[in-house]
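An overview of the molecular structure
If you want the building blocks of each chain, they are given just below.
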Amino acid sequence: MPTWKEENRAAFTACIRPLLAEPMVQQLRRYHQHTAGTTRYDHCMAVAYFSFTICRRLGLDYTAAARGGLLHDLYLENWPGSDGSTLRRWRSHPAAALENARRYGLSHKEEDIIVKHMWPLTATLPRYKESYIVSCADKMAAVLEKTHLTRPLGIRKSICLVTAAA
């Protein structure tokens, strides 16, 4: 009998498997996110997995959370350091990610997740519980990345297992 962890990993992989094969998603591996040791792909995978797990536990739409979490930063630009326009970029990149992600046939909920993941910096409140969860998971992943805790906590290893299974 599979454990919750094994069941969770299999269900998560099933939600995102089609997206992982997409070239634009794979290109996220080329861009650093928050620290030099974390790619945007790693970050998006962590956000997707955290969001999926929380939504599954709460009986919410975990598929939308996983897909929206994976695609929430789907923009292909490197934004070095702070050059005075950081706040503008924080507010503008969700629209760029949404535009890119629409090629994958998003639901309204997934669109809301992507475009509002920077809440409270976005002007409009998220419409769905899953959008709030992805927004919080994004901030949690960023803190773990900035404090270099993803490796000691085994997050990177879990992401590698999911990626290998897909």
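A quick note: this is a predicted structure, and the numbers were derived from the prediction, not measured.

**Brief notes about the packing of helix α3 (residues 40-58) against helix α7 (residues 129-146)**
Packing of α3 against α7 leaves a shortest axis separation of 8 Å and a crossing angle of 135°. As summarised for this structure, α3 and α7 are arranged oblique, according to the angle between their axes. As α3 packs across α7, the resulting crossing turns out to be right-handed. Packed against α3, whose contacting residues are H43, A46, V47, F50, S51, I54, C55 and L58, the element α7 presents E130, I133, V134, A137, D138, M140, A141, A142, L144 and E145 at the interface. When the residues that make up the contact of α3 with α7 are grouped by side-chain class, the tally is 13 nonpolar, two polar and three charged.

**Things to note about the packing of α3 against helix α4 (residues 62-71)**
Taken N-terminus to C-terminus, the directions of α3 and α4 make an angle of 165°; their axes are 7 Å apart at the nearest point. It follows from the interaxial angle that α3 and α4 lie roughly antiparallel. In this structure, the crossing between α3 and α4 has a hand that is right-handed. Side by side, α3 and α4 meet where C44, M45, V47, A48, S51, F52, C55 and R56 of the first sit next to Y62, A65, A66, G69 and L70 of the second. Taken together, the residues of the contact of α3 with α4 sort by class into ten nonpolar, two polar and one charged.

Conventions we followed
In this numbering scheme, every chain counts its residues from 1 along its sequence in written order. Side-chain atom pairs in this predicted model are given and counted only at pLDDT of 80 or more, local residue features only at pLDDT of at least 70, and totals for whole chains, interfaces and linings cover all residues. Each side-chain value is worked out from all heavy atoms of the structure, with water and hydrogens disregarded. The axes used here are C-alpha line fits, helices contributing only the stretch in contact, and every angle between their N-to-C directions lies in the interval 0 to 180 degrees. In DSSP terms, a helix is any run of H or I states spanning at least four residues, a strand is any run of E spanning at least two, and both are numbered starting from the N terminus. Geometric relationships in this document are graded by angle, where less than 35 degrees denotes roughly parallel, more than 145 denotes roughly antiparallel, 65 to 115 denotes roughly perpendicular, and other angles denote oblique. Each crossing gets its handedness from the near helix: less than a right angle anticlockwise from the far helix is left-handed, clockwise is right-handed. Whether two residues are in contact is decided by their heavy atoms, any of which lying within 4.5 Å being enough. In this count, Pro and Cys sit with the nonpolar residues alongside Ala, Val, Leu, Ile, Met, Phe, Trp and Tyr, while Asp, Glu, Lys and Arg are called charged and the others, Gly among them, polar.

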